[in-house]
Amino acid sequence: MIPETSQTDGRDDALLVETSGLTKRYGARITAVDDLDLSVRRGEVYGFLGPNGAGKTTTLRMILGLIKPSSGTATVLGEAPGAPAGLARVGALVESPAFYPYLSGRDNLRVMARYSGVAPSRVEEVLQQVELSGRAGDRFKKYSLGMKQRLGVAAALLKDPELLILDEPANGLDPKGMADMRAIIRGVREEGKTVLISSHLLGEVEQICDRIGVILRGKLVAERTMEELRGREGGLLVRAEPLEEATRVAQDLPEVEEAQVADGMLRITVDPARAAEVNAGLVNAGVRVSELRMVERSLEEMFLELTGGETV
Amino acid sequence: MGASFMAELLKLYKRPAVWVLTAIWLAFVVLFAYALPYAFFANLPEPEVPEDAPPEMQSKMQTQSEAASEQLMSQLYPENMAAYVLSGISGTGGTLALILGALFVGSEYGWGTLKTVLSQRPGRLTAFFAKMLALGAALALFVLLAFVAGAICSLVVAGIQGAAVGWPPLAQLLEGLGAGAVILAVWAALGVFLATLFRSTALAIGLGLFYALALEGIVFGLPIPNESFQDARQFFLGQNSGFLADSFTGGSYNSPSRHQART
Ligand SMILES: Nc1ncnc2c1ncn2[C@@H]1O[C@H](COP(=O)(O)OP(=O)(O)O)[C@@H](O)[C@H]1O
Ligand SMILES: [Mg+2]
């Protein structure tokens, strides 16, 4: 029933989601999303991060065709947002999971399966995938928040989609629930699918993301791969005697960008892969090096910096 | 479309509110259209005949009062079933249809399920038409139920009264079903419209009921003899439902032959 669309069509097949100048205004004063250029590549888990009210949900709604952009465009799997051909290959959970309270979890999924035109047998499969089979007969209104989130993910998985869009799926989950959610997403990624996941907490998603984009007041302020994010601001911490001498020597080394003293240690901004050269340079200049290690700058710290400390 | 319609049906028959409305609907037909009127017509007060009136006068008054109560009672007989049930549908039935229409659409806003549905696949128009189709099916079933319940009740009344059982012509029955469905559909459409406008069930039902129960009554209760004002009545829902229902009876009911009816 779902049209079998070849996976190699489309102009730029590597990008499953591409937005250009995407903007959403509410009235004259609120610009929820501001000139946003976002791209999600095939096969990656893209973390769409930003504090509450930054415009994540609004962006995802536009990508799904639930609301119309004020200006700008979006392409999803080579289709316009909301076009049935594209929607057939996208599964989504937007904002809080919303289902019929009087129906059981299973019946809710049966309803959704009919809407999306997938085989009824998918219902039990996705229930198992999110580990909700045991409580599938209970009414939705009796579910805990964690179970509701799982059901939302299950509904998003019904179509066995190429692209899975999850809006803050970890909201309201306890640590165990969060770990389960990450396991589900890893499983989806291992099937070769693409995931676009939003969160206001980097810690929730950094373990599973390949790339993150940071949105702040409707604008995309940074887009990095995880390697870039971990490596770029990296450097070396060196305990050396005498410190002033070590600083001067380090600054003169060709691979070093910057060297300063911080907390009684020498902090060198440099590609951590060049640690051996730095060490040799210092020792050759007669500096005694007693300790040399990589700076592990926490991602949370970086995220805070990018978002101007607005995150919770 | 077909699959979305099936989805709507699943939601429909598993929804407790729908069954509650169905129960109210049936209770309305049985209780308010038949049981209570029957009890009332069967116990009309005897006419007060002056003791000193001449005997032929006494028996004449007696006959007249019996004829009057038989005339009333005859509305409840199977023969008049189609027109009688229809007149009920055009009144209270309309408000129930309005509630159903508002529930159908408004709840999806209240629960936020519209976005869940639309993220599945069907597309806005398909989802909407599937919903309207399901609503139409529910209304058709409601009309059918009312007629079946009306038929059973009228049989019981005729049985108790010992009246001859005659049914309305098939054509009239079918027209009655059709007219009932049209009346309910128009009221339900008002519910759908209000719920869509306000994106809420409660507000739609509140306003809809206010309109149905109070506003039209107030407007047409106003003693304004102005001709164009009277003409405006044709644009009002309750008035129109009434007109359509009345067209079946010409405003009055057939009285079955009393000679047959009496044993
Ligand atoms: N329907 C709406 N009307 C007016 N303002 C809105 C509407 N939806 C969202 N906003 C505003 O747009 C901004 C972004 O909201 P949202 O996309 O929900 O943020 P996030 O999902 O990142 O928390 C917020 O300031 C919010 O108040
Ligand atoms: Mg949000």
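Here the structure is shown first, and the text comes after it.
Described in the following lines is the structure provided in the data block.

Definitions and limits used
- Residues numbered from 1 in each chain as written.
- Chains lettered and ligands numbered in written order.
- Predicted model: local features only at pLDDT ≥ 70, side-chain atom pairs only at ≥ 80, totals over all residues.
- Heavy atoms only, no water.
- 1 Å grid on protein atoms, 1.4 Å probe; cavity = no way out; pocket = protein on both sides within 12 Å on 5 of 7 lines; lining within 4 Å.
- Points joined across faces, edges and corners; volume = space filled by probe spheres on them.
- Helix = DSSP H or I, 4+ residues; strand = E, 2+ residues; numbered from the N terminus.
- Nonpolar A, V, L, I, M, F, W, Y, C, P; charged D, E, K, R; others polar.
- Buried < 20%, exposed > 50% of the residue type's maximum accessible area, 1.4 Å probe, protein only.
- Expected span 1.5 Å × (residues − 1).
- Contact = heavy atoms within 4.5 Å.
- Buried area = accessible area lost by both parts, 1.4 Å probe.
- Salt bridge = Lys/Arg side-chain N within 4 Å of Asp/Glu carboxyl O.
- Near = heavy atom within 4 Å.
- Polar contact = N/O pair within 3.5 Å; in protein donor to acceptor, adjacent residues only side chain to side chain.

**Let's talk about the layout of surface pockets**
Estimated volume of the largest pocket: approximately 470 Å³. Of all the elements in the fold, those that place two or more residues in the lining of the largest pocket are α1 (2-13), α4 (81-111), α5 (113-120) and α6 (124-161) of chain B. Grouping the constituent residues of the lining of the largest pocket by class yields ten nonpolar, two polar and eight charged. Looking at the second largest pocket, its volume works out to about 290 Å³. Lining the second largest pocket are 16 residues, with Asn 52, Thr 57, Glu 95, Asp 167 and Glu 168 of chain A sitting closest to its centre. Top contributing element to the lining of the second largest pocket by residue count: helix α1 (residues 56-63) of chain A, with four residues. In terms of residue class, the lining of the second largest pocket is made up of three nonpolar, eight polar and five charged.

**Notes on the environment of Pro 120 of chain A**
Relative to the assigned elements, Pro 120 of chain A resides in the loop between α3 (105-116) and α4 (122-129). Using a relative accessible area of 65% as the deciding quantity, one classes Pro 120 of chain A as exposed.

**Focus: α6 of chain B**
Helix length check: α6 of chain B (38 residues) gives 55 Å between terminal C-alpha atoms against 56 Å at 1.5 Å per residue, within 8%. Where α6 of chain B terminates, the next one or two residues include Gly 162 of chain B, which has phi positive at roughly 70 degrees.

**Re empty space enclosed by the protein**
Counted by the stated rule, this structure contains five cavities of 30 Å³ or more. Estimated volume of the largest cavity: approximately 100 Å³. What lines the largest cavity is Tyr 100 and Tyr 102 of chain A together with Glu 8, Lys 11, Leu 12, Arg 15, Val 18, Phe 104, Ser 107, Glu 108, Trp 111 and Lys 131 of chain B. If you list the elements that add at least two residues to the lining of the largest cavity, you get α1 and α4 of chain B.

**Here we look at the interface of chain B and chain A**
Each partner contributes residues to the interface: chain B has 23 residues there, and chain A has 31 residues. Summed over both sides, the interface of chain B with chain A buries roughly 2,500 Å², with 61% coming from carbon and sulfur. When the buried area of chain B at its contact with chain A is split by residue, Lys 115, Gln 120 and Arg 121 of chain B rank highest and sum to 32% of it. Counting across the interface, chain B meets chain A through one salt bridge.

**Comments concerning the site of ligand 1**
Residues and elements named next belong to chain A. Around ligand 1, the surrounding shell consists of Tyr 26, Ile 30, Ala 32, Pro 51, Asn 52, Gly 53, Ala 54, Gly 55, Lys 56, Thr 57 and Thr 58. Between Ala 54 and ligand 1, the recorded distance is 3.2 Å, taken from a backbone N or O atom to an oxygen atom. Here an oxygen atom of ligand 1 and a backbone polar atom of Gly 55 are 2.9 Å apart. Where the shell around ligand 1 is concerned, the elements lending two or more residues are β2 (30-36) and α1. The dominant element in the shell around ligand 1, judged by the number of residues it contributes, is α1, at three residues. Residue composition of the shell around ligand 1, by class: five nonpolar, five polar and one charged.

Such coordinate-based values are descriptive only and should not be taken to indicate function.
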